[in-house]
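Topology and contacts: notes
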Amino acid sequence: MIVDLTPTEDQRMIEGSVRAFLAGRLPVERLRDPANQGGAAEAEAWGELVGLGLFGLGLAEARGGLGLGLAEEALVARALGLHLVSPSVLAQIIAPHLAEDDGLRAALIAGGTRAAFANRIDERSGHLVDGEGAAYAVLLAGGITIAAIDTLGRTEPVDAIDGTVRIRRTAASLPIVPRAAQADRAALLLAAYLTGIAQATRDMAVAYAATREQFGQPIGAFQAIKHMCADMATRAAAAEAQTFHAAVTFGRGFDDAAEAAAAVLLAETAALTNAKANIQIHGGMGFTAECDAHLFLKRAHLMASLPGTRRLHQRRLLGTAS
Amino acid sequence: MRLIESRALDAFRDECRAWLADNVPREKRPPDGPAMRDFDLAWQKRQYEGGWAGVSWPKDYGGRGLSVLEQLVWHEEYARAGAPPSGSMFVALSHAGPTLIVSGNEAQKARHLPAILRGEENWCQGFSEPGAGSDLAALKTRAVIDGDHLVVNGTKIWTSYGHLATWQELLVRTDPDLPRHKGISWVICDMRSPGIEIRPIKAMSGLTHFCQVFYDDVRIPLANVVGEINGGWRVAMTTLGFERGTGTIAHQIELANTVDRLIAAARALPAPDGVGRAIDDGAVAAELATLRAEVLALRSLTAASVSRGMREEVPGPEGNIVALYFGELSRRVHGYAFELLGPRALERGGAHDWPLHYLEAYKWAIGGGTSEIRRNAIGERVLGLPKGPTAREAAR
């Protein structure tokens, strides 16, 4: 058995069509307009997202899906991260895998019933992320749960770090069902989204370093900047390789929990560290709200709250999880 | 992205495993000197006789003629079986041999490749000089044509196993008037030639594996030039990234084993504050988990590199990413032993010589290109950033 990490022709087509669609319909610049925030732009493009077959992509045909695999879903998740697409689109990709009920699953695949992510602060509270119009919440914390939104109790809007996402504080958390395989699978897709952020910030920093001139030359000619860019590329490459290696080998005799945990830890670090480096390389512009660099940092912090605590993933890697 | 499952490959793997189980030398490898070289050559000879030498080398020269996939499987099984490092055969197997396969002429290939695979002769490298390390193209060792010979004068440094090698892949300046990269030739040097003097250099780990080599009117037949005269830079660059990380797979698996060893120690040791086990301490768990995540990522990066290797003729600059990651991680993994194990890690010898492995690990971030030079290569050749002001000047 050999793990081939180069995308196949079909995978390239799927990823290419999703990326082309996102670049045209949901470019990152959209988020500068408050009218497009909080998943509003995605809601407007919802029919097209359903049409692209994103929901149910990796689900068996017998269960109403397209019969592709986790690798294809991970490629899509990375593309979503590249464009800072609302986390709810990723939640909608994961949700059909969790729905036991045939009717609910079909409704999630068709997009008529919507899902959103929740995170957990403590036993009694958490956040609901871009939950406008969603009927179900997906929560990862140890295991994974899908539950009707109203089980989260009364929710109140909060002003959170990522202002391009609508976040509500919930008055209850969800009971965790220890469905290890589904939790690892979902965590890997979150890792893939985070590698998209790591990749986008790398590319943004490199493009700026190649064109911004000081001391009569592009700042990327200076090793202080060049080496930061090289480290960004290395971090992104390692996180990506681990995420896709874990996706391809999932359920095939590897230690899925440890492989997914490694992907999550590395992808979180890569997304956050690259987002910070991107701001630094953009200098004064990077500190402004006019440059998109801050959007990636804020989203990286939000996304890193979704796969559960780092401590949990560390325990999985060390085999000390209870 | 997919799993390639092939019965033929599985069968090949079983074959590797079975042969290695019966043939990996059980006696301890001598740490140094001619005894070590003889051990390495004998082990190579045994692999040749078993049909396992040069898995992906052409059949005409004694190899198996199989693909990079079988080569990878062989490397993996080799490391898992705990087979000895190629050591003083490394340059011959991983660098000089592949270079001759790509750039050598018929006579050169026929003369040298079978001798390498049969474990009759080994090679060393003569690239770096005291004044040409990271800036390799600054090399000054001069070769002047005299009849049908080159006459070489100068010095090379960091020549691993130079005192124990039969042949050397040597870069010399054959035309000092041409631009830096254009006046260099790649030649096969017989280490037994008159005029060669070798001074072994002791490394900070205490091991003596590399040397400085001095050349005083050393005569090398012109027939030993590989590729064109003055075309040596290209010959060297074609194969510099040849291994794509598969050459370090044995070291990668060893690194993963070292992390396992640290984790096992953390289960047995008390926590830093004396309450419970070390592995349950938050800071210890965070560092060990990160190290384990990174050795998994190193394996994944290598898989990605091999996967590209199945599709490209000439390796791209991405190999620098694997090498940089491995070099930096290697130092951190071994360095963490001191934090985790405390003063007991200071002692040399013992079941696992932590100081030896730690001190040796520094070489991976220096040899074959320092981490800084690799970052330049990633910045310029992978990401397309402009060359720095000094490099621009020198390149003129």
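Residues numbered from 1 in each chain as written. Chains lettered and ligands numbered in written order. Predicted model: local features only at pLDDT ≥ 70, side-chain atom pairs only at ≥ 80, totals over all residues.

**Digging into the overall build of chain A**
Secondary structure summary: chain A contains 12 helices and nine strands in total. The globule rule puts the C-alpha radius of gyration for 322 residues at 20 Å, and the 19 Å found for chain A is close to it. Seen through its principal axes, chain A has C-alpha atoms that stretch 65 × 50 × 40 Å. Within chain A, buried positions represent 57% of all 322 residues. Put simply, of all contacts in chain A between residues at least 6 apart along the chain, 67% involve residues at least 24 apart. (Helix = DSSP H or I, 4+ residues; strand = E, 2+ residues; numbered from the N terminus. Rg over C-alpha atoms; globule rule 2.2 N^0.38 Å. Buried ≥ 20, exposed ≤ 12 C-beta atoms within 10 Å, placed from the backbone. Contact = placed C-beta atoms within 7 Å.)

**Structural notes on the interface of chain B and chain A**
Across the contact, 40 residues belong to chain B and 42 residues belong to chain A. Sorting the residues of the side of chain B that touches chain A by element identifies strand 1 (2–4), helix 8 (282–309), helix 9 (319–341) and helix 11 (371–382) of chain B as the ones contributing at least two each. Element by element, the count of residues in the side of chain B that touches chain A is highest for helix 8 of chain B, at 15 residues. A breakdown of the residues in the side of chain B that touches chain A according to their chemical character gives 26 nonpolar, seven polar and seven charged. In the sheet, strand 1 (residues 2–4) of chain A pairs with strand 1 of chain B via three bridges, with the strands oriented antiparallel. Counterpart to A:Ile2 in the pairing with strand 1 of chain B is B:Ile4. (Nonpolar A, V, L, I, M, F, W, Y, C, P; charged D, E, K, R; others polar. Pairing = 2+ DSSP bridges.)

**Concerning the packing of helix 9 of chain B against helix 10 (residues 354–361) of chain B**
Between two packed helices, both the angle of their axes relative to each other and the distance between the axes serve to describe the pair. Residue and element names in this part refer to chain B. One can describe the packing of helix 9 onto helix 10 by two numbers: an axis separation of 8 Å at closest approach and a directional angle of 155°. In terms of orientation, helix 9 lies roughly antiparallel with respect to helix 10. For the element pair helix 9 and helix 10, the recorded crossing hand is left-handed. Between helix 9 and helix 10, the contacting residues are Ser330, Arg331, His334, Gly335 and Ala337 on the first element and Trp354, His357, Tyr358 and Ala361 on the second. Classifying every residue of the contact of helix 9 with helix 10 gives four nonpolar, four polar and one charged. (Axes fitted to C-alpha atoms, helices over the stretch in contact; angles between N-to-C directions. Parallel < 35°, antiparallel > 145°, perpendicular 65-115°, else oblique. Left-handed = near helix turned anticlockwise from the far one by under 90°.)

**Concerning the packing of helix 8 (residues 223–249) of chain A against helix 8 of chain B**
The geometry of helix 8 of chain A relative to helix 8 of chain B is characterised by a closest axis approach of 8 Å and an angle of 85° between their N-to-C directions. In terms of their interaxial angle, helix 8 of chain A and helix 8 of chain B are classed as roughly perpendicular. Seen from helix 8 of chain A, the contacting residues are A:Ala237, A:Ala238, A:Ala241, A:Gln242 and A:His245; seen from helix 8 of chain B, they are B:Leu296, B:Ala297, B:Ser300, B:Leu301, B:Ala303 and B:Ala304.

**Details of the confidence of the model for chain B**
The predicted model of chain B has a mean per-residue pLDDT of 92, with 96% of residues at 70 or higher. The ipTM assigned to the predicted complex is 0.96, against a pTM of 0.93. (pLDDT = per-residue confidence, 0-100.)

**What about the pairing of strand 4 (residues 149–160) of chain B?**
All names here are of chain B. Of the pairings in the sheet, the one linking strand 3 (residues 142–146) to strand 4 comprises five bridges and is antiparallel in character. Bridging across to strand 4, Ala143 finds its partner in Val152. Once strand 3 ends, the chain turns through two residues before running back antiparallel as strand 4, passing Gly147 with a positive phi of about 65°. Relative to strand 8 (residues 210–221), strand 4 runs antiparallel, the two being bridged by 10 bridges.

**Thoughts on the sheet that holds strand 5 (residues 143–148) of chain A**
All names here are of chain A. Overall, mixed pairing links the six strands, which are arranged 5-4-2-3-7-6 in an open sheet. Edge strands, defined here as strands with exactly one partner in the open sheet, are strand 5 and strand 6 (155–158). For this sheet the average axis-to-axis angle between neighbouring strands, irrespective of direction, equals 30°. With six bridges connecting them, strand 4 (residues 136–141) and strand 5 associate as antiparallel partners. Opposite Ala141, over in strand 5, you have Gly143 as the bridge partner. Each of strand 2 (115–122), strand 3 (125–129), strand 4 and strand 5 is contacted by helix 5 (residues 87–98), which is oriented at about 95° to strand 2, the strand it contacts most.

**Some remarks on helix 4 (residues 90–103) of chain B**
Residues and elements named next belong to chain B. For helix 4, built from 14 residues, the straight-helix expectation of 20 Å at 1.5 Å per residue is met to within 8% by its first-to-last C-alpha distance of 19 Å. For helix 4, the principal kink sits at Ala96 and spans about 35°; a proline, Pro98, occurs within the next four residues. With 10 of 14 residues buried, helix 4 lies mostly within the body of the structure. For helix 4, the set of buried residues is Val91, Ala92, Leu93, His95, Ala96, Gly97, Pro98, Thr99, Leu100 and Ser103. (Expected span 1.5 Å × (residues − 1). Bend = angle between axes of the 7 residues up to and from the residue.)

**Points about helix 6 (residues 102–110) of chain A**
Residue and element names in this part refer to chain A. Every buried residue belonging to helix 6 is among Arg105, Leu108 and Ile109, and all of these are buried. The arc enclosing the buried residues of helix 6, seen along the axis, measures out at 100°, which places them on a common side. Turning to helix 6, the residues buried within the fold contact helix 5 and strand 2. Note on helix 6: the residue one or two positions beyond its end, Gly111, has a positive phi of about 85°. (Arc of directions from axis to C-beta.)

**Examining the nonpolar core**
Counting residues in hydrophobic clusters, the biggest one holds 215 residues, and the most contacted among them are A:Val138, A:Leu188, A:Leu189, A:Leu194 and A:Cys229. Ranked by residues supplied to this core, first place goes to helix 7 (residues 180–211) of chain A with 18 residues. (Core = buried A, V, L, I, M, F, W, Y, C linked by C-beta atoms within 7 Å.)

**Here's the deal with unusual backbone geometry**
Only a minority of non-glycine residues have a phi that is not negative, and only a minority of peptide bonds are not trans. Here the phi dihedral of A:Leu84 falls at roughly 50°; this positive angle occurs in a residue that is not glycine. Mapped onto the elements of the fold, A:Leu84 is located in the loop between helix 4 (70–82) and helix 5. Looking at A:Leu84, the number of C-beta atoms within 10 Å reads 27, which means it is buried. Notably, B:Tyr161 is not glycine yet its phi reads approximately 60°, a positive angle. In this structure, B:Tyr161 sits in the loop between strand 4 and strand 5 (167–173).

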